[in-house]
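So the chains spell out like this:
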Amino acid sequence: VQLQASGGGLVQAGGSLRLSCAASGRTFSSYVMGWFRQAPGKGREFVAAIRWSGGSTNHADSVKGRFTISRDNAKNTVYLQMNSLKPEDTAAYYCAAAISSGSTWRDLTHRQVYGYWGQGTQVTVSS
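This text gives an overview of the structure that appears in the document. No experiment lies behind these values; they were computed from the predicted model shown.

Conventions we followed
Residues numbered from 1 in each chain as written. Predicted model: local features only at pLDDT ≥ 70, side-chain atom pairs only at ≥ 80, totals over all residues. Heavy atoms only, no water. Phe/Tyr/Trp six-rings, centres within 6.5 Å; stacked < 30°, edge-to-face > 60°. Buried < 20%, exposed > 50% of the residue type's maximum accessible area, 1.4 Å probe, protein only. Lys NZ or Arg CZ within 6 Å of the ring centre and 35° of its normal. Pairing = 2+ DSSP bridges. Helix = DSSP H or I, 4+ residues; strand = E, 2+ residues; numbered from the N terminus. Axes fitted to C-alpha atoms, helices over the stretch in contact; angles between N-to-C directions. Contact = heavy atoms within 4.5 Å. Disulfide = S-S within 2.5 Å.

**Some words on the packing of aromatic side chains**
Thinking step 1. This model, assessed by the stated rule, comprises seven aromatic pairs.
Thinking step 2. When the centroid spacing of 5.4 Å and the interplanar angle of 70° are considered together, the rings of phenylalanine 28 and tyrosine 31 count as edge-to-face. Accessibility assignment for this pair places phenylalanine 28 and tyrosine 31 in one class, buried.
Thinking step 3. Among the aromatic residues, ring-to-ring pairing joins Phe28, Tyr31, Trp52 and Tyr116 into one connected group.
Thinking step 4. The ring of tyrosine 79 is capped by arginine 18, whose NZ or CZ atom sits 4.1 Å from the centre of that ring.
Thinking step 5. Positioned above the aromatic ring of tryptophan 105, the side-chain terminus of arginine 51 is 4.6 Å from the ring centre.

**Some words on the sheet that holds strand 3 (residues 17-24)**
Thinking step 1. Judged by pairing direction, the sheet is antiparallel, and its four strands sit side by side in the order 1-3-8-7 without closing on themselves. Looking at strand neighbours, the two that pair on one side only are strand 1 (2-6) and strand 7 (67-72), the edges of this open sheet. Across the sheet, the mean angle from the axis of one strand to that of its neighbour is 15°, orientation sign disregarded.
Thinking step 2. Judged from the six bridges that link them, strand 3 and strand 8 (residues 77-82) form a sheet pairing that is antiparallel. Residue pairing for strand 8: cysteine 21 is matched across the bridge by valine 78.

**Quick look at the environment of valine 78**
Thinking step 1. Mapped onto the elements of the fold, valine 78 is located in strand 8.
Thinking step 2. Residue valine 78 is classed as buried on the basis of its relative accessible area of 1%.
Thinking step 3. For the pair formed by valine 78 and serine 20, sequence separation is 58 residues and the distance between their alpha carbons is 5.8 Å.
Thinking step 4. If near-sequence neighbours (up to four positions away) are discounted, valine 78 is found in contact with Leu19, Ser20, Cys21, Met33, Trp35, Ile50, Trp52, Ile69, Ser70 and Arg71.

**Some thoughts on the state of the cysteines**
Thinking step 1. As enumerated under the stated definition, the model contains one disulfide in all.
Thinking step 2. Residue cysteine 21 pairs covalently with cysteine 95 via a disulfide, S to S 2.2 Å. Taking the sign of the torsion about the S-S bond as the criterion, the disulfide between cysteine 21 and cysteine 95, at about 65°, is right-handed. Within this pair, whereas cysteine 21 is found in strand 3, its partner cysteine 95 is found in strand 9 (residues 91-99), the two being separated by 74 residues in sequence. Like cysteine 21, the residue cysteine 95 is buried in the burial classification.

Next comes the structure, spelled out in structure tokens:
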């Protein structure tokens, strides 16, 4: 499994960015795709996840109403639309993949569940 994240950049507070994660290497219908972020000096935290089959989603409370995870089956790509960005959203953002069978949404907020990771893409929000 290969995951390629892109779309990060520098944006002013209140602005928007869309991150992409292109997945390849196998059929992902039984997978969950997630986004995590890690700010300097902090641990990697859950942002959002989507079940490839069915498209159900879960978002962290800190981003609900501002961020939206989605997927494009034809392109094998997962997106993270980020609106109303705040300086505290500044972090390296990582996409990840996990086999979804038996995993609850609570399970899927933990990075240990994800066996595949892409490289990070930096998001910097200026005040």
